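# Coordinate analysis (summary)
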Amino acid sequence: MRDNEEFKLVIHRKKRTSRARTNCLSNVTSLDNERNDDSNINCETLLGKLLEAEGELENSSFLDNLLHDLDDSLAALNVNGIPDILCYGLGQFSSRKSSKYQLALLLRLKKYYKSQVYVYDPVFSSAEIELLKRFDCNTIKVNEEGKRVVRDNITLVYMPHCSIHLINNFLYANWCEQLRKCILLTNSFSIVADNTKRTNRTNPIDYILRIQPYVTETVLRNDFVHEEAFNDLNIHTFLEQNIGTLPESFWNERTEPCYQDAETDYLTAKQTEKIDAADKAL
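Conventions we followed
Residues numbered from 1 in each chain as written. Predicted model: local features only at pLDDT ≥ 70, side-chain atom pairs only at ≥ 80, totals over all residues. Heavy atoms only, no water. Helix = DSSP H or I, 4+ residues; strand = E, 2+ residues; numbered from the N terminus. Buried < 20%, exposed > 50% of the residue type's maximum accessible area, 1.4 Å probe, protein only. Areas by Shrake-Rupley, 256 points an atom, 1.4 Å probe, with all protein chains shown as cover. Salt bridge = Lys/Arg side-chain N within 4 Å of Asp/Glu carboxyl O. Core = buried A, V, L, I, M, F, W, Y, C linked by side-chain atoms within 4.5 Å. Contact = heavy atoms within 4.5 Å. pLDDT = per-residue confidence, 0-100.

This part covers the overall build of the chain. When helices and strands are counted, the chain shows twelve helices and nine strands. Taken over 282 residues, the chain has a buried fraction of 49%. Of the roughly 14100 Å² of accessible surface on the chain, 44% is carried by carbon and sulfur atoms.

Encoded structure:
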């Protein structure tokens, strides 16, 4: 971003857009409400707030500890960098404090590892997408429902406070020994597994539960001043000595997740298509 480049963009959204979203959604009303608040964004002001948030993180022991733990995870994987970062579920960082700091962390990680960043959330406004592009982030164009396949590059998958169903979808899409190319910075798998056992309810997050015994989970010390932004966020790695010994049958048992009878907290591709079509019709 050039220092002398004027960065000012104000987006005014029509109220009818929010009603179109409401008509398309039933079980994700919190996401709908999040979008409703995004009626007037001044990107110059938002840019300043993000830079302030980056500064807070840069001077925090939380970031120092996180980078130390990530570097240890890379050493355990016998690699020395993170070429790619994939991020889902940031939410509307223009209006939510936690999302603002979660994005600030993404930008710090991008700079530290000199990574290419790929980011998506269906609730992003056009102004937020424009701002992400200004930070040299690659915005994913379609709702993949978390099912992007990781190839040869080591990839940090950053999903802060993300739907466990999206995490489950990602594991399904990459269900093979190729998971050793991934580091997941997301909701604690062990907490998810313990909660599932404690409630004793059927939960269609089979891939999280199946892989959890073979995951190396690093518990992060969350001493950041805005603790709520990063609570339950841990590092998950898939070491060769753990997953390399699993039989082929473990990986061959792979069917696409179905959440038909479960309450999900993310927008599906079909819901996103309906919302986009309704917006275009206005």
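Moving on, we get to the pattern of salt bridges. Taken as a whole and judged by the stated rule, the model has eleven salt bridges. Residue E54 pairs with K111 through a salt bridge whose shortest N-O separation is 3.0 Å. Of the two residues, E54 sits in helix α3 (residues 43-58) while K111 sits in helix α5 (residues 97-113), which places them 57 residues apart along the sequence. Residue classification places E54 among the buried residues on the basis of a relative accessible area of 3%. By relative accessible area, K111 is classed as partly exposed at 45%. Counted as one network, the salt bridges with shared partners bring together E54, E58, R108 and K111.

L66, L105, L109, Y158, L185 and F230 are the most contacted members of the largest nonpolar core, which has 47 residues in total. With eight residues, α5 is the single largest residue contributor to this core. Beyond its immediate chain neighbours, meaning those up to four positions away, F230 contacts L57, F62, Y101, Q102, L105, Y158, H161, N222 and F224. Of all hydrophobic cores here, the second largest spans 32 residues; its members include L166, C182, I205 and W251.

Of the residues in the chain, 84% have a pLDDT of 70 or more, and the chain-wide mean is 85. Confidence over residues 1-37 falls short of pLDDT 50; this stretch has 74 contacts with residues more than four positions distant or in other chains.

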